[in-house]
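Observations on chain architecture
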Amino acid sequence: MRNLVIAVAAAAALAFPLVGGAQEGGNEADGWETRLDGGTDVNSVLHFRTMGDGVHASTAGRGGATFWQPNSMAKGNYTISASFTQTEASGHPNAYGLVFGGSDLSGANQRYSYFVIRQGGQFLIKKRMGDDTPTLVDWTPHSAINDLNDEGRSTNTLSVEVGSSQVRFLVNGTEVNSLPRSDVDTDGITGLRVTHLLDLHIGDLNLGM
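Let me begin by describing the structure that accompanies this report. Computed from a prediction, not measured in an experiment: that's the story for all the values here.

Let us look at the overall build of the chain. For the chain, the helix and strand inventory stands at two helices and 15 strands. Per-residue burial for the chain yields a buried fraction of 47% across its 209 residues. For the chain, contacts bridging at least 24 residues in sequence account for 59% of all contacts bridging at least 6. Summed over all atoms, the accessible surface of the chain reaches about 9800 Å², with 49% contributed by carbon and sulfur.

Below is the structure:
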């Protein structure tokens, strides 16, 4: 009977592989914190680890994840940036990018702003305030965003430049939008945002300290 149970479990694992190449493993990146939307079990849908001079995120299942280092902070006038390489096409467009102006990221009153892109060449700017996620700029196409090539890969560098009165959002050095600083949460923790069904390498991290 025990052998039969093991055989059935093995067959189920083969029949239902993790989507998009994601692997179980949870957060293995030293010094990084992780939060999944909706309280999903991080070990079942995410593998986040250091790789080379950056980090690598593989996600499966539903929902998105926020990643940050507790001592990574920015305030006043500053610029943060990172380079994102999507290593394979996702089943449908899923988002990734930068988090900034964060506070209480592990608590019920989590708050941050985020600037993300997705395959298909579109960007989005939003805020999170607890369970609310008001949209500041809805999904918008822009030619500065590199879409997937014939091999299903793309690389894009995202930057957020916070000035005294305006916040600029750039992809590959080109401004795709700007907003009044008063519309955006800017002072606080900085980090990364990755939604589901993605395999990403993230390098050239400039998130402030």
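Structure shown, so let's carry the discussion forward.
Bringing the sheet that holds strand β11 (residues 154–162) into the picture now. Across the sheet, which stays open at both edges, the eight strands sit in the order β1-β3-β4-β15-β6-β11-β12-β13 with mixed pairing between neighbours. Looking along the sheet, the strands with just one partner apiece sit at the ends: β1 (26–27) and β13 (174–180). In this sheet, β11 lies alongside strand β6 (residues 78–86) in antiparallel orientation, the contact comprising nine bridges. Directly across from Ser83, in β11, lies its bridge partner Thr157.

Turning our eyes to something else, we now look at the pairing of strand β5 (residues 65–74). Pairing between strand β2 (residues 33–36) and β5: four bridges, direction antiparallel. Paired with Glu33 across the bridge in β5 is Trp68. Alignment of β5 against strand β14 (residues 188–194), held across six bridges, turns out to be antiparallel. Looking at β14, one finds that Trp68 is bridged to Gly191.

Counting residues in each nonpolar core, the largest one holds 40 residues, and the members touching the most others are Phe67, Leu98, Phe115, Val160, Phe169 and Leu192. For Phe169, the contacting residues outside a window of four places in its chain are Phe100, Phe115, Ile125, Ser159, Val160, Thr174, Glu175, Val176, Asn177, Ser178 and Leu179. Ranked by size, the runner-up nonpolar core spans nine residues in total, among them Val99, Leu105, Val116 and Ile189.

Here we come to the sheet that holds β2. Taken together, seven strands build an open sheet; the order of strands is β2-β5-β14-β7-β8-β9-β10 and the sheet is antiparallel. What marks the edges here is a single partner per strand, and that holds for β2 and β10 (135–141). Between one strand axis and the next, the sheet turns by 20° as a mean value, whatever way the strands run.

Further remarks concern unusual backbone geometry. Residue Asn172 is not a glycine yet carries a positive backbone phi of 55°. Unusually for a residue other than glycine, Asp204 sits at a positive phi of about 50°.

It is worth spelling out the environment of Glu151 at this point. Positionally, Glu151 belongs in the loop between β10 and β11. Residue Glu151 is classed as exposed on the basis of its relative accessible area of 64%. C-alpha of Glu151 to C-alpha of Thr87: the two residues are 64 residues apart in sequence and 8.7 Å apart in space.

Another point: the packing of aromatic side chains. This model, assessed by the stated rule, comprises seven aromatic pairs. On the basis of an interplanar angle of 20° and a centroid distance of 4.0 Å, the ring pair of Phe48 and Phe67 is categorised as stacked. Residue Phe48 is found in strand β3 (residues 46–51), and its partner Phe67 is found in strand β5; the two are separated by 19 residues along the sequence. For Phe67, a relative accessible area of 0% gives the class buried. Joined through ring pairs, the aromatic side chains of Phe100, Phe115, Phe123 and Phe169 make up one cluster. The ring of Trp139 has Arg118 lying over it, and the distance from NZ or CZ to the ring centre is 4.0 Å. Positioned above the aromatic ring of Tyr114 is the side chain of Arg193, whose terminal nitrogen or guanidinium carbon lies 5.4 Å from the ring centre.

Bringing the side chain of Thr195 into the picture now. Relative to the assigned elements, Thr195 resides in the loop between β14 and β15 (198–206). Here the side chain of Thr195 touches Ala95 through a polar contact of 2.8 Å, landing on its backbone nitrogen. In contact with Thr195, other than residues within four places in its own chain, are Thr59, Gly63, Gly64, Asn94 and Ala95.

Cut-off values and rules
- Just so you know, the residues in each chain are numbered from 1, in the order the chain's sequence is written.
- Reporting in this predicted model follows two pLDDT cut-offs: at least 70 for local features of residues, and 80 or more for side-chain atom pairs to be given and counted; totals over whole chains, interfaces and linings ignore these cut-offs and use all residues.
- The basis for the side-chain values is all heavy atoms of the structure; hydrogens and waters are excluded.
- Labels follow the DSSP assignment, with helices taken as runs of H or I lasting at least four residues and strands as runs of E lasting at least two, numbered in each case from the N terminus.
- Burial classification: accessible surface area is computed with a 1.4 Å probe over protein chains only, and a residue below 20% of its type maximum counts as buried, one above 50% as exposed, and the rest as partly exposed.
- Contacts are assigned to residue pairs that have any heavy atoms within 4.5 Å of one another.
- We get accessible surface area from the Shrake-Rupley algorithm with a probe of 1.4 Å; when it comes to residues, only the shown protein chains can shield them.
- Strand pairing follows a simple DSSP-based rule, namely that at least 2 bridges must link the two strands.
- Definition used in this section: a nonpolar core is a set of buried Ala, Val, Leu, Ile, Met, Phe, Trp, Tyr and Cys residues joined via side-chain atoms within 4.5 Å.
- Angles run from 0 to 180 degrees between N-to-C directions of axes, and those axes are lines fitted to C-alpha atoms, restricted for helices to the stretch in contact.
- Here a Phe, Tyr or Trp ring, Trp counted by its six-membered ring, pairs with any other such ring whose centre lies within 6.5 Å, and the pair is stacked when the planes are under 30 degrees apart, edge-to-face when over 60, and tilted otherwise.
- Whether a charge sits over a ring depends on NZ of Lys or CZ of Arg being within 6 Å of the ring centre and within 35 degrees of the ring normal.
- Polar contacts, as used here, are pairs of N or O atoms within 3.5 Å; protein pairs need one atom able to donate a hydrogen and one able to accept it. Residues neighboring in sequence count only if both atoms are side-chain atoms.

Read these as geometric descriptors, not functional statements.
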